[in-house]
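Residue-level structural notes
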Amino acid sequence: MGLMYTHLLVLITVSFALFGVGSSNANYQKGPQNWRFDFNYTGKPFRHPKPIQSSRRIIVGGSNNWRFGFNYTEWAMKNAPFFFNDTLVFKFDPPSDTNIHPHSVYLLPNLWSFLRCDLRWAKHVANTSHGGGEGFEFVLNKWKPYYFACGESNGFHCQSGMKFFVMPTFRWY
């Protein structure tokens with residue numbers, strides 16, 4: 001007997017809830033105007049505010065180039081998103097009498113190596129002389145995270161912030 005009253009109470013509660021939700025929109029009208037499949041409710045398809053149709057050539061660090069004492073993680077966050085076939089350009093001064101702390105570019109294999117600045121399994125993609133002139137170019141041509149770091153001074157540059165990572169995505173516009 002108690003189970004029957006419980007079922008009846010649940011049925012009444014569900015009925016009132018459905019009635020309340022169904023009548024909550026007083027301006028409801030039958031017809032297709034209630035079914036909006038666009039995301040921005042303007043009647044126009046969504047468009048990216050700054051559409052980019054082709055690959056970009058991005059100078060790492062902007063006007064600061066690839067140098068010691070710059071926060072590249074913050075730079076990468078501000079310049080995201082990165083897309084397939086974007087080209088990262090690493091510009092840095094080659095070694096000289098006035099440049100006693102040259103730079104290089106390493107591609108680290110995983111997040112753990114990136115966090116610890118462990119260069120043992122890293123791929124040396126640009127040595128200290130590749131960054132002069134137009135710079136060293138690296139194309140993001142796979143869907144994977146890319147972990148970059150400077151490997152000079154036994155990883156001290158990396159530990160001091162000369163590192164960043166990017167994850168290229170698909171262009172959807």
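For clarity, every value in this text was computed on a predicted model and none was experimentally measured.

Our next topic: the sheet that holds strand β7 (residues 163-166). Here 4 strands make up an open sheet; going across it, the order is β4-β3-β6-β7 and the pairing antiparallel. Strand pairing shows two members of the sheet lacking a second neighbour, β4 (123-126) and β7, which therefore form its edges. Each strand axis lies, on average, 30 degrees off the axis of its neighbour in the sheet, ignoring direction. With 3 bridges joining them, strand β3 (residues 105-108) and strand β6 (residues 146-149) adopt antiparallel strand pairing. Bridge pairing in β6 links L108 to Y147.

What helix α2 (residues 72-79) keeps buried is the set Y72, W75 and A76. Considered in projection along α2, the buried side chains sweep an arc of 100 degrees and stay on one side of the axis. Facing away from the buried side of α2, by more than 90 degrees, are the exposed residues M77 and K78. The backbone nitrogen of T73 lies 3.2 Å from a side-chain oxygen of the residue at the head of α2, namely N71.

Right, let's talk about unusual backbone geometry for a bit. A cis amide bond links A80 with the next residue in sequence, P81, at an omega value of 5 degrees. Along the chain, the position of P81 falls in the loop between α2 and β2 (87-90). Phi is positive for N154, close to 55 degrees, though the residue is something other than glycine. N154 sits in the exposed class, given a relative accessible area of 79%.

Quick notes on the rules
- Residue numbers here run from 1 along each chain, matching the order of that chain's written sequence.
- At least 70 in pLDDT is required for a residue's local features to be given in this predicted model, at least 80 for side-chain atom pairs to be given and counted, and no such filter applies to totals for whole chains, interfaces and linings, which use all residues.
- The side-chain numbers reported here are obtained from all heavy atoms of the structure, hydrogens and water having been left aside.
- Strands are treated as partners if at least two bridges between them are detected by DSSP.
- Put simply, DSSP H or I for four residues or longer makes a helix, DSSP E for two residues or longer makes a strand, and each gets a number counted from the N terminus.
- The axes are straight lines fitted to the C-alpha atoms, using for helices just the contacting stretch, and the angles between their N-to-C directions are given from 0 to 180°.
- Whether a residue is buried, partly exposed or exposed follows from its accessible area with a 1.4 Å probe, protein chains only, as a fraction of its type maximum: under 20%, in between, or over 50%, in that order.
- Starting at the helix axis, one direction is taken to each C-beta atom, and the arc is that of these directions.
- Any N or O atom pair separated by 3.5 Å or less is treated as a polar contact, with the protein-specific requirement of one donor-capable and one acceptor-capable atom, and with residues adjacent in sequence counted only for side-chain atom pairs.

By themselves these figures say nothing about function.
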